[in-house]
Amino acid sequence: GASGASLQTAINPKMSDAEDDYDAADSGAADCTPIEAGSARKGGFIVIKGRPCKIVDMSKAKVGKHGAAKCAFTGVDIFTGKKLESICPASAGLSQPIVERSEFQLCDITDDGFLSLMASGGNMRDDIRLPDDPEIAKKLQARFDGDVDTMVTLLKAMGQEQVIDMKDMAN
């Protein structure tokens, strides 16, 4: 049947050799909202190559007489800090990850690298690992080892949560 072809694209929609490589808004992520490329702003968040990114740079280019305007984005993965780039038509629908920040008190770091965190309401969480970023992980461990009362900032986007920052607890 004719369904064979559409099945193929469903498995890997990125097979086409088009120069645009952006994540269309219908990528099915529930924790994203659609945004038109042309209305994205520096400092905002968009999904690039399936990763939630903060836009650090963007430019618009008009292409030729009849060409659509293109947007070029440079984003930084909010969890890994890796730079990602994307070019797409200004009218393209992109996904904007819903990013939530929350603060927790660091109570413990287990031997296997999990953090014991307490929310302001007193709820405990033990399911967050030390961050992938070795700098932050080292800093956090050092503060913990030195008995520094620490608040951590937990960033949540697209089903992933990670500590991205820390500060002294206010007394």
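Above this text sits the structure in question.
Being a predicted model, the structure only gives us computed values, none of them experimental. (Residues numbered from 1 in each chain as written. Predicted model: local features only at pLDDT ≥ 70, side-chain atom pairs only at ≥ 80, totals over all residues. Heavy atoms only, no water.)

A.B. asks: How should the pairing of strand β5 (residues 83–89) be read in this particular structure?
C.D. replies: Within a regular beta strand, the side chains point alternately toward one face of the sheet and then the other, so they alternate between its two faces. Pairing of strand β4 (residues 70–77) with β5, which is carried by 7 bridges, proceeds in the antiparallel orientation. Residue pairing in the sheet places V76 in a bridge with K83 of β5. Following β4, the chain reverses through 5 residues before pairing antiparallel with β5; G81 in that reversal takes a positive phi of roughly 75 degrees. (Pairing = 2+ DSSP bridges. Helix = DSSP H or I, 4+ residues; strand = E, 2+ residues; numbered from the N terminus.)

A.B. asks: Just checking my understanding: could you explain helix α2 (residues 134–145) for this structure?
C.D. replies: One turn of an α-helix holds 3.6 residues; hence residues three or four places apart share an orientation. Compared with an ideal rise of 1.5 Å per residue, which puts 12 residues at 16 Å, α2 spans 16 Å between its outermost C-alpha atoms and is within 8% of the ideal. Those residues of α2 lying buried are I136, A137, L140 and R143. Along the axis of α2, the buried residues cluster in a sector spanning 130 degrees; they form a single face. Opposite the buried face of α2, at more than 90 degrees from it, the exposed residues are P134, E135, K138 and D145. (Expected span 1.5 Å × (residues − 1). Buried < 20%, exposed > 50% of the residue type's maximum accessible area, 1.4 Å probe, protein only. Arc of directions from axis to C-beta.)

A.B. asks: In this structure, what is going on with the side chain of S116? I would like to understand it.
C.D. replies: Among the structural elements, S116 can be located in strand β8 (residues 114–118). In this structure the side chain of S116 is engaged in a polar contact, spanning 2.9 Å, whose partner is the side chain of D126. Not counting chain neighbours up to four residues away, the residues in contact with S116 comprise Q105, L106, C107, D108, M124, R125 and D126. (Polar contact = N/O pair within 3.5 Å; in protein donor to acceptor, adjacent residues only side chain to side chain. Contact = heavy atoms within 4.5 Å.)

A.B. asks: It is not clear to me how the pattern of salt bridges should be interpreted in this structure. Could you clarify?
C.D. replies: Any two side chains of opposite charge can pair if their charged atoms end up close together. Enumeration over the complete set of coordinates arrives at 5 salt bridges. The residue R51 makes a salt bridge to D77 at a minimum N-O spacing of 2.5 Å. Of this pair, R51 sits in strand β3 (residues 51–61) while D77 sits in strand β4, and the two are 26 residues apart along the sequence. Overall, D77 belongs to the buried group, its relative accessible area being 4%. Linking E103 and K167 is a salt bridge whose minimum nitrogen-to-oxygen distance equals 3.1 Å. Taken together, the residues span a long stretch of sequence, with E103 in strand β7 (residues 100–109) and K167 in strand β11 (residues 160–168) at a distance of 64 residues. Among the residues examined, E103 registers a relative accessible area of 36% and is labelled partly exposed. (Salt bridge = Lys/Arg side-chain N within 4 Å of Asp/Glu carboxyl O.)

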